[in-house]
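Coordinate inspection notes
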Amino acid sequence: MKRLIFFALVSCITVISLFPNENAAPFIAEPVNLPHRRQYAPEAFNSGALSLRFTAYLGQAVTVTVRHPAGTVPECTLYELPENGAPVRIAGIDAAPVKPADDGSAGSVTRLRFEPVRTGSYAVRLTVSGTSEAVELTAVREPVLLFPVSGREATRLVSIFGDGRDQGTRLHEGIDIAAARHTPVLAAADGYVRRVGVNARGGNVVTIWDPIRKVSYYYAHLETQDVAQGVTVKAGDRIGTVGNSGNASATIPHLHFTVYGPDRKAVDPYPYVYTK
């Protein structure tokens, strides 16, 4: 079974059971760039299903919103599209509950949201049976984490994942977000404070474990550490302040932020907090 964070959203979030892996019958999917918004005439569903292909990134959630006539129930199925081989069915919503549109417009709304476990090509296959009216489909991509520095508008990105360090002898395993000294640093997700400590390179550091995504978030060069090891935090809780401790003492105050995957290897945190 593929591990995938997958939700159906109506007025609240409900967890959907995952289907086992199985090869799906080949189908043609229209390539689209996200964000995507379009109205599809009823004829688009005459042959059975509408399929859209898009790129999804590790660290970014994709939300598909379907506005459809009242009384109709869309069926949405998610596929991963490997570079070689047939599409693989990941999960789906069959006869999902729907609610009236929340903006007062006519019809109903069904939403599908998922977080991929790897960057790659994916497809959504949509069927709306018996409709005689247009169906609007919107697909957007957004970071899964809260921005880790308060007052995002006053920050700037000064170094990215993979930049050279120490005369090219190693690569940067995170991103650096510059902000004024003492700016609050925030928990990017709910989690558990695994470590509060000090080391030569990172200075004052905090590590938070995310039990949902099975990843760790590493915050370094802090001026202050405002949490204790072993406590749980909610997204948005203050965990410290921006500084330039450790080997950053000769630089401007900034937060070094890293995401470590389940294998404890660093992954690019950029898509987790910035829109691609």
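Our structure is the block above this text.
Being a predicted model, the structure only gives us computed values, none of them experimental.

So, on to the side chain of threonine 138. Mapped onto the fold, threonine 138 is located in strand 13 (residues 135–143). Excluding residues within four positions of it along the chain, threonine 138 makes contact with His36, Arg37, Thr63, Val64 and Thr65.

Enumeration over the complete set of coordinates arrives at seven aromatic pairs. Ring centres 6.1 Å apart and planes at 20° place the aromatic pair tyrosine 217 and phenylalanine 257 in the stacked group. With tyrosine 217 in strand 21 (residues 215–225) and phenylalanine 257 in strand 24 (residues 254–260), the pair connects residues that are 40 residues apart, well separated along the chain. Neither residue differs from the other here; tyrosine 217 and phenylalanine 257 are each classed as buried. An aromatic cluster is present here, built from Phe54, Phe114 and Tyr122 joined pairwise through their rings.

What follows deals with the side chain of serine 245. For serine 245, the location among the structural elements is in the loop between strand 23 (238–242) and strand 24. Take serine 245: its relative accessible area is 17%, and that puts it in the buried class. Within the local environment of serine 245, its side chain forms a polar contact with the backbone nitrogen of asparagine 204, the two atoms lying 3.0 Å apart. A polar atom in the side chain of serine 245 sits 2.8 Å from the backbone oxygen of leucine 222. The residues contacting serine 245, other than those within four sequence positions of it, are Gly202, Gly203, Asn204, His221 and Leu222.

Summed over the entire model, instances satisfying the criterion amount to ten salt bridges. Glutamate 115 serves as the salt-bridge partner of arginine 213, at 2.9 Å between the closest nitrogen and oxygen. Taken together, the positions of arginine 213 in the loop between strand 20 (203–210) and strand 21 and glutamate 115 in strand 11 (residues 108–115) put the pair 98 residues apart, joining distant regions of the chain. Here the two residues arginine 213 and glutamate 115 agree in accessibility, since each one is buried. Residue arginine 213 pairs with aspartate 210 through a salt bridge whose shortest N-O separation is 3.0 Å. Taken individually, arginine 213 and aspartate 210 each receive the classification buried, so the pair is uniform in this respect. Among the charged side chains, a network of salt bridges with common partners joins Arg113, Glu115, Asp210 and Arg213.

The rules behind each value
- Residues numbered from 1 in each chain as written.
- Predicted model: local features only at pLDDT ≥ 70, side-chain atom pairs only at ≥ 80, totals over all residues.
- Heavy atoms only, no water.
- Helix = DSSP H or I, 4+ residues; strand = E, 2+ residues; numbered from the N terminus.
- Contact = heavy atoms within 4.5 Å.
- Phe/Tyr/Trp six-rings, centres within 6.5 Å; stacked < 30°, edge-to-face > 60°.
- Buried < 20%, exposed > 50% of the residue type's maximum accessible area, 1.4 Å probe, protein only.
- Polar contact = N/O pair within 3.5 Å; in protein donor to acceptor, adjacent residues only side chain to side chain.
- Salt bridge = Lys/Arg side-chain N within 4 Å of Asp/Glu carboxyl O.

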